[in-house]
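# Fold and geometry: a report
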Amino acid sequence: MFNFFSTISSSTLTIIICIIYALLILVVGTGKWTKGGAVRMDDYFKVGPGFGFIVLYLGIAGGFHTAFAIPGSMGFYYTHGVAFAANILWTVLTPLGVIYFIGSRITCLGKKFNYVTPADLLGDFFGEGKFKIFIACYILVGCIPLMSANIIGPAILLSEGIGPDILSRWGALIIISVLVTTYITTSGMRGLTWTTVAQAIWMFIAIWLAAFWCLSLFDGSMLDLFNTIKAQKPELLTLPGPMGNKTAQWWMTWPVFGIALYWAILPRGFLFFYSARSVATIRKIGLTVGFYLMLLYVPAIIIGFVTVVLMPDMAGDKSFPALLAEQAPWWGGFIIAGGLAAGMSSLDADINANSAMITKDIYSKYIKPNQPDSHYINFGKIMMVVLIIITVLTSLKDWGLVTIMIGVTAGMITQLLPAVLAVTVPTSLRITKNGLLAGIVAGLLAFIVVFIGTNPTFGFMTLPEGWTFDASFFGLLFNIPVMLIVSQFTEMPDPERVSRIRRALDDEFKRSA
């Protein structure tokens, strides 16, 4: 059997395996199990009755992992060395601190008041109107870099794995966008969650297979691999890394603010929380999903270091795809499909969530109200196609590291954290709608200045030498004081709205305490 495969070119085998993957995803994402019983926005953009533990567990686990996982994390290890092990921090912090505590509260309110979008929750507490439009538009703009990253990474893998002379990056972008468009427009949240279940399993197996294959290039010895790195590039085994910027400041701010906190308040996170069968389901996931997340990043260091040795002096994100193109075994297409799974499992959820915001928060409220849900679902499908096209167009330019693009989204979305906490965590602090808006703007400006100024790509520094705090953290440092100050002089939310939401939280969490 293996002799038969050895007679076929690697590019042909990769194409065959990727076709099998594509057919599997289409079947899983459009089957009868993805169909709801009624045509309603609250059972298309989210799953009204809710998913049980296993399906939602794998949906959230797969949705966590973006092109940041494959090939982004390998590229980060390739460039920064062991410092990227800080990534393991967020795989613990996010499930325990965010999903278990905040996610369960979002689930509670989403089930109680039938929310569909993040702006539903924030607008119900602070008031509808321009505030809700601002939140929807702000999140949409913030998600564009992330959506671009989640199609660029897989496209690079697919093009390099098959061969750029056979499939260009443009062609790979088109193939991925058609696949995603097909199942999300057909089945909405149900379809993308079921495909993410399949993708979570596929990418987990693929990345471990890739790690063992990479080790085989060193006769299966991890010790030989690390000794080789020590001899050739010892700075990759040190802190604060070869660039000197992966310090304790970075360790304690980037995984927490640049990844962990922002993920849970992405629009896709809200829709997963809204689609849980119960608060208990989300809490169980919060306690257990970290094991899956950590185990996916352990093999990434092996892959990253092998590419350092075998494919030196390359751009980080392109190193692993180049290694696959040059030395991959006959089953290398399985690894490439795993990279497709990593990006597509987040891209589809982001497209669905942002389409929901445009449709429900803007179109159905202010452009064409009082239409049947079937009309809004059809409009949402059109918006999905539009968002895919925008994502592809923004992906044609080489923006650099996938992780940098995701950093832009992280910095923007993190500035919404005070608003989410104000709704989900009762406090005696005076927090108003105008205070939140002022804080978001101040935090965003601070983030932009620090992010651009500390990024070597732009060539100038805005922080004193040795300051390596994550830019998202700096954004919050400006955001929160401005929010609290402006809130002292502006009107509080409607007390009736506030008390209604507080009662719902009390009923759920005081009862279960």
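What you see is a predicted model, and the numbers here were worked out from it, not measured in a lab. (Residues numbered from 1 in each chain as written. Predicted model: local features only at pLDDT ≥ 70, side-chain atom pairs only at ≥ 80, totals over all residues. Heavy atoms only, no water.)

## Topic: the packing of helix H7 (residues 130-162) against helix H18 (residues 433-453)
Let me state the cut-off plainly: Axes, fitted as lines to C-alpha atoms, cover a helix only where it is in contact. Angles between the N-to-C directions of the axes lie from 0 to 180 degrees. Helical segments are the DSSP runs of H or I of at least four residues, strand segments are the runs of E of at least two, and each set is numbered from the N terminus. The labels follow the angle: roughly parallel below 35 degrees, roughly antiparallel above 145, roughly perpendicular from 65 to 115, and oblique for the rest. Left-handed describes a crossing whose near helix is turned anticlockwise from the far helix through less than a right angle; right-handed describes the clockwise counterpart. Whether two residues touch is decided by their heavy atoms; if any such pair falls within 4.5 Å, the residues are in contact. We call Asp, Glu, Lys and Arg charged. Ala, Val, Leu, Ile, Met, Phe, Trp, Tyr, Cys and Pro are nonpolar, and the rest, Gly among them, are polar.
The geometry of H7 relative to H18 is characterised by a closest axis approach of 11 Å and an angle of 25° between their N-to-C directions. Taken as axis vectors, H7 and H18 run roughly parallel relative to one another. Considering how the two elements wind past one another, H7 and H18 form a crossing that is left-handed. Where H7 abuts H18, its residues Phe131, Phe134, Ile135 and Tyr138 lie against Lys433, Leu437, Ile440 and Leu444. Across the contact of H7 with H18, the residue classes tally to seven nonpolar, no polar and one charged.

## What about a nonpolar patch on the surface?
Put simply, the rule reads: Grouping into patches uses exposed residues only, defined as over 30% relative accessible area, and leaves out salt-bridged ones; the cut-off is 9 Å for like charges and 5 Å for nonpolar side chains (Val, Leu, Ile, Met, Phe, Trp, Tyr). Note that accessible areas follow from Shrake-Rupley with a 1.4 Å probe, and for residues the cover is restricted to the protein chains shown. The rule for a salt bridge is simple: a side-chain nitrogen of Lys or Arg has to be within 4 Å of a carboxyl oxygen of Asp or Glu.
Together, Trp170, Ile174, Val178, Val385, Ile389, Leu393 and Leu396 make up an exposed nonpolar region whose accessible area comes to about 610 Å². Counting residues per element, the ones that place at least two in the nonpolar patch are helix H8 (169-216) and helix H15 (373-394). Following the sequence through the fold, Leu393 ends up in helix H15.

## Some remarks on helix H17 (residues 417-424)
Because an α-helix completes one turn every 3.6 residues, residues spaced three or four positions apart along the sequence face the same direction. The cut-off we apply is this: Exposure classes here rest on a 1.4 Å probe applied to the protein chains alone. A residue is buried below 20% of its type maximum, exposed above 50%, and partly exposed in between.
With seven of eight residues buried, H17 lies mostly within the body of the structure. What H17 keeps buried is the set Leu417, Pro418, Ala419, Val420, Ala422, Val423 and Thr424.

## A closer look at the state of the cysteines
Stated formally: Only a pair of cysteine sulfur atoms within 2.5 Å qualifies as a disulfide here.
Applying the stated criterion to the full structure yields zero disulfides. Among the cysteines around Cys18, which has no disulfide bond, Cys214 carries the closest sulfur, lying 17 Å off.

## Quick look at the environment of Glu508
Its place among the elements puts Glu508 in helix H20 (residues 495-512). With relative accessibility at 18%, the residue Glu508 sits in the buried group. With 483 residues separating them in the primary sequence, Glu508 and Ile25 have C-alpha atoms 37 Å apart. Glu508 has contacts with Cys108 and Val279, leaving out every residue within four places of it along the chain.

## Quick look at the pattern of salt bridges
As enumerated under the stated definition, the model contains eight salt bridges in all. Two residues, Arg268 and Asp350, come together in a salt bridge whose shortest N-O distance is 2.9 Å. Of this pair, Arg268 sits in helix H11 (residues 267-274) while Asp350 sits in helix H14 (residues 332-367), and the two are 82 residues apart along the sequence. Pair check on accessibility: Arg268 and Asp350 agree, each one buried. Put simply, Asp120, Lys132, Lys360 and Asp361 are held in one network by salt bridges that share partners.

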